[in-house]
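Given next are the chains, with one letter for each unit.
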Amino acid sequence: MTHSTDGKVYDVMVAGGGPAGSSVAAFAAMQGHRVLLLEKEEFPRYQIGESLLPSTVHGICGLLGVTEELESAGFVRKRGGTFRWGSNTEPWSFDFALSEKFAGPTSYAYQVERAKFDQLLLDNARRKGVEVRERCAVRDVLEDDGRVRGVRYTDPDGAERTAHARFVVDATGNQSRLQRYVGGQRRYSDFFQNIALFGYFEGGRRLPSPNSGNITCVAFPSGWFWYIPLSDTLTSVGAVVRKECADQVRGDRAEALSALIADCPLIADYLSGARRVTSGRYGEVRVRKDWSYLHDTFWQPGMALVGDSVGFIDPLFSSGVHMATYSALLAARSLNTALRGDLGERECFAEYEARYRKEYQAFHDFLVNFYDVNRDEQEYFEVARHVTRDTAAGAGAFVGLVGGGASDEAVLTSESYRDKRKKDLLEQSRGVHQEGHRIQLQAAFGEAVDDTPLSADGLVISQDGMHWEKSVTSSAL
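Parameters at a glance
Residues numbered from 1 in each chain as written. Predicted model: local features only at pLDDT ≥ 70, side-chain atom pairs only at ≥ 80, totals over all residues. Heavy atoms only, no water. UniProt positions renumbered as here; feature names shortened; annotations may be inferred. Helix = DSSP H or I, 4+ residues; strand = E, 2+ residues; numbered from the N terminus. Rg over C-alpha atoms; globule rule 2.2 N^0.38 Å. Buried < 20%, exposed > 50% of the residue type's maximum accessible area, 1.4 Å probe, protein only. Contact = heavy atoms within 4.5 Å. Arc of directions from axis to C-beta. Polar contact = N/O pair within 3.5 Å; in protein donor to acceptor, adjacent residues only side chain to side chain. Salt bridge = Lys/Arg side-chain N within 4 Å of Asp/Glu carboxyl O. pLDDT = per-residue confidence, 0-100. Core = buried A, V, L, I, M, F, W, Y, C linked by side-chain atoms within 4.5 Å. Axes fitted to C-alpha atoms, helices over the stretch in contact; angles between N-to-C directions. Parallel < 35°, antiparallel > 145°, perpendicular 65-115°, else oblique. Left-handed = near helix turned anticlockwise from the far one by under 90°. Nonpolar A, V, L, I, M, F, W, Y, C, P; charged D, E, K, R; others polar. Patch = residues over 30% accessible without salt bridge, like charges linked within 9 Å, V, L, I, M, F, W, Y side chains within 5 Å. Areas by Shrake-Rupley, 256 points an atom, 1.4 Å probe, with all protein chains shown as cover. Lys, Arg positive; Asp, Glu negative; His and termini not counted. Charge placed at Lys NZ, Arg CZ, Asp CG, Glu CD. Phe/Tyr/Trp six-rings, centres within 6.5 Å; stacked < 30°, edge-to-face > 60°. Lys NZ or Arg CZ within 6 Å of the ring centre and 35° of its normal.

- The name recorded for the chain in an unreviewed UniProt entry is Halogenation protein CepH, from Streptomyces demainii.
- Looking at the Sequence similarities (unreviewed entry) heading of the UniProt record, one finds this comment for the chain: "Belongs to the flavin-dependent halogenase family. Bacterial tryptophan halogenase subfamily."

Put into structure tokens, the structure is as follows:
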């Protein structure tokens, strides 16, 4: 029998407790909104995707208030990445510190076991006031007069229930059953249609310090390998193969992975003294279809998509958690602003969509060029400058992009980079009208997060970083 949940009407109901769901829920609850989060599984649970970016660790996680928890969790520090890629036959490395956007204390990220990381974020959402219910699977949404007004779900006892909310957020991932309610469809990339086969190994080789925590990516005839150190001894190893090589991942998965490793001499060498984990959480060799996609529409009245429900991009640069939590921040600003009544939801969610698409496109366009393995690293760095319009010398633009800083949002970058922007704004603002000058200086000195709309009628980030507002400049036009 269907019955309502405690008779409440929540401000926000989030389906899915992964990084996107727990982040958007926390950001809304931190503004005093009543938030319910429904997660179909019981945490901790296994999830792929273990390599974070500095923008997530020091930006999003800083805003969520979990920086100290991350620091004390014992995760492997990741200073950058190492590639055996392109025309250079020797591996080459980059450090996050090479980009001004992540220089100084923020020039690292973490390699994380997602079961632990996701648990940390979900527990944080609880502390921030989110009502979290696990083992509750959302089945469909409640609609009335063209607007989503809640969801139907089954509770841990199998009973069907309803929850009513002013807004519903779908954060249920790439297998989402709810995305259809916003209309449109997923548009799959013609270029990125890969299949990943992966497992976990004990005793794999480590790079010499200080790069021992780096992710290593290695091109080989059928695609590329990732090699991610999760602890001093545990390593995640996966082969991403092109669609036309799919026959190589059929049959016995463990045998297929072994054959692919043998076809990649560098990875075979790294694993020469290792053994594959065959029991417990990491004992299975898994397959995942890593097809990149983006949904036509991000929202409809009363509902929005975040995380893998809205889009997924090829995992070469470990952008999955970055894109998921960045979408959560953008969507939370839209929810918070619409709930407060400052601006209409159409305008708010149009801003979310425009900013997310810009970030997605930067990764997509660069990755298309990076898959051309006939170039050397200097050519890749030049492509990054072109795609991001970043004039940083050397590897600076490349590292700024793969570190998650292409959006140039102040909250995602280092304090030293913000200091540089202060000086730039001081120079640029000479001669502008007084109000524009004031707004620029507010942004530069941290009183406001952003002051540059993406378009003439676009919105800017509020001083608290959790809402949208009209640009003073565009309002005056």
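### Quick look at the overall build of the chain
Item 1. Of the regular secondary structure elements, the chain holds 13 helices and 21 strands.
Item 2. Relative to the globule expectation of 23 Å for 477 residues, the C-alpha radius of gyration of the chain, 22 Å, shows essentially globular dimensions.
Item 3. A principal-axis box enclosing the C-alpha atoms of the chain has dimensions of 70 × 60 × 40 Å.
Item 4. Looking at the 477 residues of the chain, the share that counts as buried comes to 58%.
Item 5. In the chain, of all internal contacts separated by at least 6 residues, the share reaching a separation of at least 24 is 70%.

### Some remarks on helix 5 (residues 253-262)
Item 1. Residues of helix 5 that are buried: A256, L257, L260 and I261. The buried side chains of helix 5 occupy one side of the element, clustering within an arc of 135° when seen end-on. Turned more than 90 degrees away from the buried face of helix 5 sit E255 and A262, all of them exposed.
Item 2. Elements that come into contact with the buried residues of helix 5 comprise strand 11 (186-202), strand 12 (215-220), strand 13 (223-229), strand 14 (234-242) and helix 6 (265-270).
Item 3. For helix 5, the N-terminal cap is D252; the gap from its side-chain oxygen to the backbone nitrogen of A254 is 3.2 Å.

### Some thoughts on the pattern of salt bridges
Item 1. One pass over the structure, following the stated rule, counts 31 salt bridges.
Item 2. A salt bridge links D95 to R79; its shortest N-O distance comes to 3.7 Å. In this pair, D95 is assigned in strand 5 (residues 92-95) and R79 in the loop between strand 3 (76-78) and strand 4 (80-84), connecting sequence segments 16 residues apart.
Item 3. On the basis of relative accessibility, which here comes to 35%, the residue R79 falls in the partly exposed class.
Item 4. Of the charged contacts, one joins R133 and E131 as a salt bridge, the two residues approaching to 2.4 Å between their closest N and O atoms.
Item 5. Through salt bridges with shared partners, one network takes in K8, E131 and R133.

### Re the confidence of the model for the chain
Item 1. This prediction gives the chain a mean pLDDT of 89; 91% of its residues lie at or above 70.
Item 2. Every residue in residues 429-449 scores below 50 in pLDDT, and together they form 28 contacts with partners more than four places removed in sequence or on other chains.

### Section: the nonpolar core
Item 1. Counting 124 residues, the largest nonpolar core has M13, L316, F317, F370 and F398 as its most contacted members.
Item 2. With 12 residues, helix 7 (residues 320-340) is the single largest residue contributor to this core.
Item 3. Discounting chain neighbours no more than four positions away, the residues touching L316 are F83, W85, C217, W224, L367, F370 and Y371.
Item 4. In this structure, I195, V218, A239 and L271 belong to the second largest nonpolar core, which totals 23 residues.

### A look at the side chain of D118
Item 1. By the secondary structure assignment, D118 is in helix 4 (residues 114-127).
Item 2. Its relative accessible area of 0% is what places D118 among the buried residues.
Item 3. Sequence-distant contacts of D118, defined by excluding residues within four places in its chain, comprise G18, P19, F43, R45 and Q47.

### A closer look at the packing of helix 8 (residues 345-370) against helix 9 (residues 377-388)
Item 1. Following both chains from N to C, one finds helix 8 and helix 9 inclined at 155°, their axes separated by 10 Å at the closest point. Relative to helix 9, the element helix 8 is oriented roughly antiparallel. Judged by the twist between their axes, the crossing of helix 8 over helix 9 is right-handed. Residues A362, D365, F366, N369 and F370 of helix 8 lie in contact with helix 9, whose contacting residues are Y380, V383, A384 and V387.
Item 2. Classifying every residue of the contact of helix 8 with helix 9 gives seven nonpolar, one polar and one charged.

### Notes on the environment of D144
Item 1. With respect to the helices and strands, D144 occurs in strand 8 (residues 137-144).
Item 2. You can call D144 partly exposed: its relative accessible area is 44%.

### Notes on a positive patch on the surface
Item 1. A cluster of basic residues, K40, R139, R177 and R180, forms a positive patch at the surface.
Item 2. Among the structural elements, R139 can be located in strand 8.

### Here we look at the packing of helix 2 (residues 54-64) against helix 7
Item 1. At their nearest, the axes of helix 2 and helix 7 sit 10 Å apart, and the two run at 30° to each other. The pairing of helix 2 with helix 7 is recorded here as roughly parallel in orientation. For the element pair helix 2 and helix 7, the recorded crossing hand is left-handed. Only V321, H322, T325, Y326 and L329 of helix 7 make contact with helix 2, whose side of the interface consists of S55, T56, I60 and L63.

### Re the packing of aromatic side chains
Item 1. A complete count under the given rule lists 41 aromatic pairs for this structure.
Item 2. When the ring of Y46 is compared with that of Y282, the centres are 6.2 Å apart and the planes differ by 75°; the resulting orientation is edge-to-face. Taken together, the residues span a long stretch of sequence, with Y46 in the loop between strand 2 (35-39) and helix 2 and Y282 in the loop between strand 15 (275-276) and strand 16 (286-295) at a distance of 236 residues.
Item 3. A cation sits over an aromatic face here: R77 above Y108, 3.7 Å from the ring centre.
Item 4. The ring of Y293 is capped by R186, whose NZ or CZ atom sits 4.1 Å from the centre of that ring.

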